[in-house]
Amino acid sequence: MSERSERLSVSDHSPLWEVFVRARRGLAHTHVGSLHAPDAELALRNARDLYTRRQEGVSIWVVPASSITASSPDEKDAFFDPAADKVYRHPTFYDVPEGVAHL
Amino acid sequence: MSGPFDFTLALGDDALIAAQRLAEWTTRAPEMEEDIALANIALDQLGAARLLLSYAGELEGAGRDEDALAYLRDDREFRNCLLVELPNGDFAVTMAKLLVLSAYQLPLYTALAGCADERLAAIGAKTRKESAYHLDHAALWVRRLGDGTEESHRRMQAGIDQVWPYAQELFAAQPQAPVDPASLRADFDATVSAVLAEATLTVPDSAWAPAGGRDGLHTEHLSYLLAEMQVLHRAHPGARW
Amino acid sequence: MYGNDFSGEDAPGGLLGEVEAAEAALRAAAERDRGAPGQDVDLAAYFAEVIDADQKIEPRDWMPEAYRRTLIRQIAQHAHSEIIGMQPEGNWISRAPSLKRKAILLAKVQDEAGHGLYLYAAAETLGISRDELVELLLEGRQKYSSIFNYPTLTWADVGAIGWLVDGAAIVNQVPLCRCSYGPYARAMIRVCKEESFHQRQGYEILHMLAHGTPAQKAMAQDALDRWWYPSLAMFGPPDGDSTHSAQSMAWKIKRFSNDELRQRFVDMCVGQAEVLGLTIPDPDLRWNDERQAYDFTQPDYAELMRVISGDGPCNRLRMEHRRRAHTEGAWVREAAAAYAAKQASKEKVAA
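First, a word on what this report is: a plain description of the structure on this page. Nothing here was measured: the structure is a model prediction, and the numbers come from that model. (Residues numbered from 1 in each chain as written. Chains lettered and ligands numbered in written order. Predicted model: local features only at pLDDT ≥ 70, side-chain atom pairs only at ≥ 80, totals over all residues. Heavy atoms only, no water.)

From N to C terminus, chain C includes 14 helices and 2 strands. The C-alpha radius of gyration computed for chain C amounts to 22 Å, which stays within 12% of the reference 20 Å derived for 351 residues, consistent with globular compactness. With the principal axes as the frame, chain C shows a C-alpha extent of 70 × 55 × 35 Å. Residue pairs at least 24 apart in sequence account for 76% of intrachain contacts in chain C once pairs closer than 6 positions are excluded. Surface summary for chain C: the accessible area is close to 14,300 Å², and the carbon and sulfur share equals 53%. Placing the 40 positive and 50 negative side-chain charges of chain C at their respective mean positions leaves the two points 6 Å apart. (Helix = DSSP H or I, 4+ residues; strand = E, 2+ residues; numbered from the N terminus. Rg over C-alpha atoms; globule rule 2.2 N^0.38 Å. Contact = heavy atoms within 4.5 Å. Areas by Shrake-Rupley, 256 points an atom, 1.4 Å probe, with all protein chains shown as cover. Lys, Arg positive; Asp, Glu negative; His and termini not counted. Charge placed at Lys NZ, Arg CZ, Asp CG, Glu CD.)

Scanning the entire structure with this criterion turns up 16 aromatic pairs over all chains. Consider the rings of Y104 of chain B and F171 of chain B, whose centres lie 5.7 Å apart with planes at 90 degrees: the pair is edge-to-face. One end of the pair, Y104 of chain B, is in helix α5 (residues 91-113); the other, F171 of chain B, is in the loop between α7 (150-163) and α8 (185-198), and 67 residues separate them in sequence. Summarising the burial analysis for this pair, Y104 of chain B and F171 of chain B share the class buried. Aromatic pair F235 of chain C and F265 of chain C: ring centres 5.4 Å apart, planes at 45 degrees, arrangement tilted. A residue pair is termed long-range when its members are at least 10 positions apart, and F235 of chain C in the loop between α9 (214-233) and α10 (245-250) and F265 of chain C in helix α11 (residues 258-276) qualify at 30 residues. By the burial criterion, F235 of chain C is buried, and F265 of chain C matches it. Taken together, the aromatic side chains of Y104, W164, F171 and F188 of chain B make up a single cluster linked through ring pairs. R48 of chain A extends its terminal NZ or CZ atom over the ring of Y133 of chain B, reaching a point 3.6 Å from the ring centre. In this structure, R95 of chain C is placed above the aromatic ring of W92 of chain C, and the distance from its NZ or CZ to the ring centre is 3.7 Å. (Phe/Tyr/Trp six-rings, centres within 6.5 Å; stacked < 30°, edge-to-face > 60°. Buried < 20%, exposed > 50% of the residue type's maximum accessible area, 1.4 Å probe, protein only. Lys NZ or Arg CZ within 6 Å of the ring centre and 35° of its normal.)

Taken residue by residue, the interface counts 46 residues in chain B and 47 residues in chain C. Interface of chain B and chain C: buried area, both sides summed, is about 4,100 Å²; carbon and sulfur atoms make up 67% of it. Of all residues in chain B, T27, M32 and W241 of chain B bury the most surface against chain C, accounting for 20% of the area lost on that side. Seen at the junction of chain B and chain C, the total is 3 salt bridges. We note a salt bridge from E33 of chain B to R130 of chain C, for which the minimum N-O separation is 2.8 Å. Taken together, the links from chain B to chain C amount to 18 residue pairs in polar contact (both at pLDDT 80 or more). Within the residue set of the side of chain B that touches chain C, elements represented by two or more residues are α1 (4-23), α2 (32-60), α3 (66-71), α5, α6 (118-146), α7 and α9 (221-235) of chain B. With 11 residues, α2 of chain B is the largest single contributor of residues to the side of chain B that touches chain C. (Buried area = accessible area lost by both parts, 1.4 Å probe. Salt bridge = Lys/Arg side-chain N within 4 Å of Asp/Glu carboxyl O. Polar contact = N/O pair within 3.5 Å; in protein donor to acceptor, adjacent residues only side chain to side chain.)

Contacts between the two partners involve 12 residues from chain B, matched on the other side by 13 residues from chain A. Of the roughly 1,100 Å² buried between chain B and chain A, counting both surfaces, carbon and sulfur atoms make up 50%. Looking at the side of chain B facing chain A, the largest losses of area belong to E33, Y133 and R144 of chain B, adding up to 43% of the total buried there. The shortest N-O distance in the salt bridge between E41 of chain A and R143 of chain B comes to 2.8 Å.

Time to look at the side chain of Q110 of chain C. When you line up the elements, Q110 of chain C lands in helix α5 (residues 99-124). Judged by its relative accessible area of 5%, Q110 of chain C is buried. One polar contact links the side chain of Q110 of chain C to the main-chain carbonyl oxygen of I36 of chain B, over a distance of 2.9 Å. Dropping the residues within four chain positions of it, Q110 of chain C is found in contact with R53 of chain A together with I36, A39, N40 and L43 of chain B.

For the rest of this paragraph, the subject is the pairing of strand β1 (residues 16-22) of chain A. All names here are of chain A. Counting buried residues along β1, 6 of its 7 residues qualify, which places the element largely inside the surrounding structure. Bridge count for β1 against strand β2 (residues 30-36) is 6 bridges, and the pairing is antiparallel. Along β2, the bridge assignment pairs V19 with G33. Across 6 bridges, β1 lies against strand β3 (residues 59-64) in antiparallel orientation. Bridge pairing links V19 to V62 in β3. (Pairing = 2+ DSSP bridges.)

Let us look at α5 of chain C. Taking 1.5 Å per residue, 26 residues should reach 38 Å; α5 of chain C reaches 38 Å between its end C-alpha atoms and fits that length. Counting buried positions over the 26 residues of α5 of chain C gives 23, a clear majority of the element. (Expected span 1.5 Å × (residues − 1).)

Position of R95 of chain C among the secondary structure elements: in the loop between α4 (86-90) and α5. Buried R95 of chain C, no salt bridge; nearest opposite-charge side chain is E228 of chain B, N-O distance 5.1 Å. Setting aside chain neighbours within four positions, we find R95 of chain C in contact with E228, M229, V231 and L232 of chain B together with K102 of chain C.

Quick look at the structure:
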């Protein structure tokens, strides 16, 4: 998830935060970008100003980038392939009989 | 000075001059993120100013719109409080000004939202949410500067000390106005003293209470601010932009 | 359409349509899944395959060191341009001639700060910190767009910047929405979508002036006279002299040459100037039926080089302004860091 695991570890007065925004009720929080802030309260404030100037969101998460552990692309197959055969996790796997609504 | 026109004009002028000062920070803020935040607050104040001045123009009924009121009056005709026209100073002074202004505007707009005048009530309902955000932002920084480094503490206390006397004028009684500012004082004191205590700052003790803004008697600063703000508009009488 | 970009004709919806097409292409490329490189796959070959397939390189992928360096330089320069570019327009916020114009201009300059921050964040994915990039700018070791070293002398200049400078920037940036580096492409999609109003507000300012009083019209023409050639120079030196172009095109960082983009910009502007009733200051500007494009006078590239190397009218002013803001803000940033440290240690004690 973190796109910055290789960035230089400058002892930063204002560390990096990853920002996730829920665009509308009913949607999951999605990664929209990152920003710098000395603490969580300011990070949240800055995220509001930077990423929702045009009413792009109803809810914001900020996460210290340093707290995110990322898989490496080299591990990708081992990490993600086991899920590939579990099609039953996906709703489109199931045939819905005609006439059934709200499923 | 307590009729609906004077009252609305004064609030509009507060917001306009506050916006003009806050916008001066653009490209100069201590951090790029803060540049954006200050511009947001300036935009809120400017938006409120436009609503209030437009309505003031309608109340007056002399055909003056928001721009006529903003650009074609001299400083003696402006009704804003002295607080908003004070120069920005350093970031601490600006945050002290914003704390006092928003701690005044929040209960004011909240009361306005419930007043009998429908237009003012609608404006109050919109702007009180913005004021809550401004207060939050000012309080956030006053805490950080007050309880940050030795230097920031010193500057923040100096900022509060400088701005504090100008708070008095905001609460001068206007019993006939849609909202009597005197009724907001207790709310203001509670808000501000809580923030200052948390920020390890002391509430200044000053008997000096400069006033006059509501009567058009301003500091020397306002005329310069207006000269800059109005120069282009006045250079082209009647032009459209 | 994928991989072929625009054909010279505008995609439906004009430039904004192209941005949306780029976004759709990005999604489509992501759908065409590609397994990770196996244990003994040649990483360089894998990188080349991803580029060839018009898919995106992502931060933790292997990439040639020169690709990384080129991107850092280009994205940083782009970010610096957004931040320095706030100054010439910011110069008119306090004097905007109506409250509506003041609000629009303030919002626009604020957007530019936001765009600078998106771009710094994209650059940071390449292993350099924003602090370092800011330092490189303040020390004059990284550049920003030469256009911002020209002064804004009248209100019409704000219109000219919106129409011409933002217009040129958009022509430059829309293809970057298809850049091979994922974070840069995504940042550019966001920037381009937000910028669509910038050019329109500039054009509207000039339109009002050009149809206003004689003094206003003269102000608009004067602004066009002063901003036309510097805007053409924004596309960089002619292709023959451009040092970085060929490699950047091969890597799909850059997708059109400087001269192609400049031509596209001129062709767009001619009709727009006619609607304004203003005259582009080029007596040799005329339609070439054979090329199906306008012939035009090239900007003064010697001047461009002088401005880039620091001798434009406002280089010193812009840098001094940025340095002062940074220096004068230091105590605030230190206070915020000290406060954060205190709070963190309090939480530790409480835990």
